[in-house]
Amino acid sequence: MTDNLDKSPSDAPPPSDAVPGTAASGPAPETIKAIPVRHYGRWVSGIIVIVLLALLGIAFSHGNIQWHTVSDQLFVSSVVQGAGRTLLISILAMVVGVLLGIVLAVMRLSKNPVTSTVAWLYIWFFRGTPVYVQLLLWFNLALIFPVLNLGPIYKNEMTDVMTPFMCALLGLGLNEAAYMAEICRAGLLAVDEGQTEAAQALGMSHTKTLFRIVIPQAMRVIVPPTGNEFINMLKTSSLVYAVTYNELLRSTSAIGSTSYAVMEMLFVASIWYLAMTSVFSVFQYYLERYYARGSSRSLPPTVFQKIKANLGLGRERGKA
């Protein structure tokens, strides 16, 4: 029986698992110091934008504008009532547009050539003519039909039927329906056909499949552009000035024409429009975030989360 001999040379290098920092492991590598790339173009463009904004502010400050009139007239009762009417006609017109748009989208996707053709002609007409022209058509409808005669159901003078409110509602609502029909149609087509086939295999009717399977899934595609359409409706409602509906723009213009503060009252109207669109933009953001839960693994941060993250980033940079 022979003894086990150590065949490793005496001057062999130390094993690779030697403890770092010891003499056998050698000197430790230097720490790499990352130097961020400097973007001088960003600073230059930022300074240019700030200078332009400052010049714009100086120009308005030296202009012939009575800013105290803007603050005094901002919450006058007639202006507040006009803003309320603008909000009312926008909401009602949007409801009409959404409901009629869904019906038109279903008609457009129907295999019946008559219903699909009628829906296409409706969309073609109302998207092809300006809203202002449509409002004037409703406002002057009594020139063509002096009396609205529905037989034993209803009969009245057209001038009494087509009030400024009714003209504004029909003009905005029916025009919006054409755009909502295309938005709803895109949402319905975005749902996979396998969902419909599976529902039909379970014995569900076409109507039940549409309202219980297809439309709930299509809402994720329909909701974001619908929010944009409503915000656009708030601004488009200013066109009902032409049919003498006393909304925000007409209320402020009436005050401006009597007090000779035309520009000041236009600024008042702009502030109200900005306030309303800003509030509904926040609602739209949270609504989109709600419907994104089923399609996105990580939801987009809220406004407060963004602010908190930016403040936290600033503190970390300060500590560094």
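Here is a short report on the structure shown in this document. (Residues numbered from 1 in each chain as written. Predicted model: local features only at pLDDT ≥ 70, side-chain atom pairs only at ≥ 80, totals over all residues. Heavy atoms only, no water.)

1. Quick look at the overall build of the chain
- Secondary structure summary: the chain contains 12 helices and two strands in total.
- When the helices and strands of the chain are placed in sequence order, the string is α-α-α-α-α-β-β-α-α-α-α-α-α-α.
- Looking at the chain as shown, the accessible area adds up to about 21,900 Å², and 65% of this sits on carbon and sulfur atoms. (Helix = DSSP H or I, 4+ residues; strand = E, 2+ residues; numbered from the N terminus. Areas by Shrake-Rupley, 256 points an atom, 1.4 Å probe, with all protein chains shown as cover.)

2. Examining helix α5 (residues 131-139)
- For α5, the set of buried residues is Val-131, Gln-134 and Leu-135. An end-on view of α5 places all buried positions within 100° of arc, on one side of the element. (Buried < 20%, exposed > 50% of the residue type's maximum accessible area, 1.4 Å probe, protein only. Arc of directions from axis to C-beta.)

3. Brief notes about the packing of aromatic side chains
- Considering all chains together, one arrives at 10 aromatic pairs under this definition.
- A centroid spacing of 5.9 Å and a plane angle of 75° characterise the contact between Phe-75 and Trp-272, whose relative ring orientation is edge-to-face. Taken together, the residues Phe-75 in the loop between α2 (67-73) and α3 (77-109) and Trp-272 in helix α11 (residues 262-291) connect sequence positions 197 residues apart.
- On the accessibility criterion, Phe-75 (61% relative accessible area) is exposed.
- Between Trp-120 and Trp-124, the aromatic rings sit 6.3 Å apart at their centres with planes inclined by 5°, giving stacked as the arrangement. Of the two residues, Trp-120 and Trp-124 both sit in helix α4 (residues 113-128), four residues apart, roughly one turn of that helix. (Phe/Tyr/Trp six-rings, centres within 6.5 Å; stacked < 30°, edge-to-face > 60°.)

4. So, the packing of α5 against helix α7 (residues 164-190)
- At their nearest, the axes of α5 and α7 sit 9 Å apart, and the two run at 140° to each other. Viewed along their axes, α5 and α7 adopt a mutual orientation that is oblique. In this structure, α5 meets α7 at a crossing whose hand is right-handed. For the pair α5 and α7, the contacting residues are Val-131, Gln-134, Leu-135, Trp-138 and Phe-139 in the first and Cys-167, Ala-168, Leu-170, Gly-171, Leu-172, Leu-174 and Asn-175 in the second. (Axes fitted to C-alpha atoms, helices over the stretch in contact; angles between N-to-C directions. Parallel < 35°, antiparallel > 145°, perpendicular 65-115°, else oblique. Left-handed = near helix turned anticlockwise from the far one by under 90°. Contact = heavy atoms within 4.5 Å.)

5. Re the nonpolar core
- The biggest cluster of nonpolar side chains holds 42 residues, and the ones touching the most others in it are Val-79, Leu-172, Leu-188, Val-240, Leu-248, Val-268 and Trp-272.
- Excluding residues within four positions of it along the chain, Leu-248 makes contact with Val-79, Gly-82, Ala-83, Thr-86, Ala-269, Trp-272, Tyr-273 and Met-276.
- Within the second largest apolar cluster, nine residues are counted, among which are Ala-119, Ile-123, Phe-126 and Ala-181. (Core = buried A, V, L, I, M, F, W, Y, C linked by side-chain atoms within 4.5 Å.)

6. Comments concerning the pattern of salt bridges
- Applying the stated criterion across every chain, the model contains two salt bridges.
- Arg-108 is the partner of Glu-182 in a salt bridge, and the nearest nitrogen-oxygen pair spans 2.9 Å. Here Glu-182 is found in helix α7, whereas its partner Arg-108 is found in helix α3, with 74 residues between them in sequence.
- Given the relative accessible area of 24%, Arg-108 is considered partly exposed.
- With a closest N to O distance of 3.0 Å, Arg-185 and Glu-182 form a salt bridge. Here the residue Arg-185 and the residue Glu-182 both occupy positions in helix α7, the gap between them amounting to three residues, near one helical turn.
- The partly exposed category is assigned to Arg-185, whose relative accessible area is 22%.
- Glu-182 gets classed as buried once you look at its relative accessible area, which sits at 18%. (Salt bridge = Lys/Arg side-chain N within 4 Å of Asp/Glu carboxyl O.)

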